[in-house]
Amino acid sequence: MSFNCGIVGLPNVGKSTLFNALTATAAAQAENFPFCTIEPNVGKVALPDARLDQITAIGKSEKTVPAQLEFVDIAGLVKGASKGEGLGNQFLSNIRETDAIIHVLRCFEDGDIVHVDGDVDPIRDAETIETELMLADLESIEKQTAALEKKARGTDKEAKAQVELAQRVKAALGEGKPARSVDVSDDERKLLKMLQLLTSKPILYVCNVSEEDAANGNDFTKKVEMMVAEQGAQMVVICASIESEIAQLDTGEEQQEFLETMGLDDPGLSKIIKAGFKLLGLQTYFTCGPKEARAWTVRVGAKAPEAAGVIHTDFEKGFIKAETIAFDDYVGLGGEQGAKDAGKMRQEGKDYVVQDGDIILFRFNV
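A brief structural summary. For clarity, every value in this text was computed on a predicted model and none was experimentally measured.

Thresholds applied
Residues numbered from 1 in each chain as written. Predicted model: local features only at pLDDT ≥ 70, side-chain atom pairs only at ≥ 80, totals over all residues. Heavy atoms only, no water. Pairing = 2+ DSSP bridges. Helix = DSSP H or I, 4+ residues; strand = E, 2+ residues; numbered from the N terminus. Axes fitted to C-alpha atoms, helices over the stretch in contact; angles between N-to-C directions. Contact = heavy atoms within 4.5 Å. Salt bridge = Lys/Arg side-chain N within 4 Å of Asp/Glu carboxyl O. Buried < 20%, exposed > 50% of the residue type's maximum accessible area, 1.4 Å probe, protein only. Arc of directions from axis to C-beta. Core = buried A, V, L, I, M, F, W, Y, C linked by side-chain atoms within 4.5 Å.

What about the sheet that holds strand β2 (residues 41–46)?
Sheet architecture is open: six strands sit in the order β2-β4-β1-β5-β6-β7, paired in mixed fashion. Every interior strand has two partners, whereas the edge strands, β2 and β7 (234–238), have only one. With strand direction ignored, the average angle separating the axes of adjacent strands in the sheet is 25°. Bridge count between strand β5 (residues 100–106) and strand β6 (residues 203–208): six bridges; the pairing is parallel. The residue of β6 that forms the bridge with valine 104 is valine 206. Against the sheet, helix α4 (residues 122–152) contacts β1 (4–8), β5 and β6, and its axis sits at roughly 145° relative to β5.

Here's the deal with the pattern of salt bridges
Counted by the stated rule, this structure contains 20 salt bridges. In this structure, the salt-bridge partner of glutamate 70 is lysine 44, at a minimum N-O distance of 3.9 Å. In this pair, glutamate 70 sits in strand β4 (residues 68–73) while lysine 44 sits in strand β2, placing the two residues 26 residues apart along the sequence. A relative accessible area of 54% means that lysine 44 is categorised as exposed. Among the ionic pairs, arginine 51 bridges to aspartate 356, the shortest N-O distance being 2.9 Å. Taken as a pair, arginine 51 in helix α2 (residues 50–59) and aspartate 356 in the loop between β11 (346–348) and β12 (359–364) lie far apart in primary sequence, 305 residues in all.

Describing the pairing of strand β9 (residues 292–299)
In the sheet, strand β3 (residues 63–65) pairs with β9 via three bridges, with the strands oriented parallel. Across the sheet, the residue bridging to lysine 63 is glutamate 292, located in β9. Examined bridge by bridge, strand β8 (residues 282–288) and β9 share seven bridges and lie antiparallel to one another. Residue threonine 284 lies in a different strand from β9, and its bridge partner there is threonine 297. Joining the antiparallel neighbours β8 and β9 is a turn of three residues.

With respect to helix α6 (residues 186–194)
Listed as buried for α6 are Glu188, Leu191 and Leu192. Along α6, the residues classed as buried sweep out an arc of 105° about the axis, all on the same side. Facing away from the buried side of α6 by more than 90 degrees, the exposed set consists of Asp186, Lys190 and Lys193. Two residues or fewer past α6, glutamine 196 is found with a positive phi of approximately 55°.

Section: the nonpolar core
Core analysis: the biggest nonpolar cluster contains 70 residues, and Phe71, Ile102, Tyr205, Val206, Val224 and Ile272 have the highest contact counts within it. Once residues lying within four places of it in the same chain are set aside, the contact partners of valine 224 are Leu105, Cys107, Pro122, Ile123, Tyr205, Cys207 and Met235. Judged by nonpolar contacts, the second largest core, of 18 residues, contains Ala159, Ala166, Val182 and Leu191.

What to know about helix α11 (residues 304–311)
Those residues of α11 that fall on the buried side of the exposure criterion are Ala304, Pro305, Ala307, Ala308 and Gly309. Looking at the buried residues of α11, the elements they touch are β8, β9, α12 (313–317), β10 (319–325) and β12.

Okay, structure coming up:
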């Protein structure tokens, strides 16, 4: 399962600086003027997971293959984007293709970096972006509702259910509430996804602060924290310039030493990944053999065949069983053979719900 996040925000909030740091590349220009990012830049990064290193060492695997996280750097939005202002239409379509939104908010003062609205106010900035996304969704849902109503006149039950859901979403958007605020059943969740609405996507607010505020935040981040609590969203506080410096260090030891001097425990990438996994309801399981130890991403609650399908569709189609070892047992008993000897390797069937950290060998027949 891919984890694809679009990084959005107003111009000059630190989006491209953050993207460059997270992907350790200079693919996105980070200049002090609006619209410096004309095309969305895509970067894939390895998900840091100390458990994978332990599994590799114990299993004596030749290669380690971490799961990957994909970031899409989307150019700065402005007021009127939903009507095509700036480069609005193009940017909105780029957001539509992502699984989740990382909304970067400027929470630092700097007279040398111009704010598009003249002063720093992260709450106003968040509302500006959310309003443009809601306006775009309102236009989209009105068009879709008309088409769905034609389908619903026949015997298409799914279309009828979508019309009812679309009308509820349209009402919420009309009241200035995002699509994600609408209560939906498990069955309706799939229908909501089919509507491809921007404001139905989960959102992670990233407060970009100055170096001195990286450890404890500031008055701006406290305001964002209150807003996030009301929305039931997620937020993290990072300093994009610190992330840039970390990205330039060669070793993990150097990075950790630098973090300690800044009074920080984890780099921003780790914070974003942890929050992102929680946001999207994701978890990690592992496979291990002599050639490679690999991490795989799957949704929380996934059963064994679905997890197998992440590796290859044939694994899911021909699923027989999943030979499973819990991570703690694998490490505590010295690997697969030790777990087998202690009776800790389990034979799990189609109804087994995969747990975070499981080491799994799938048996299948196609």
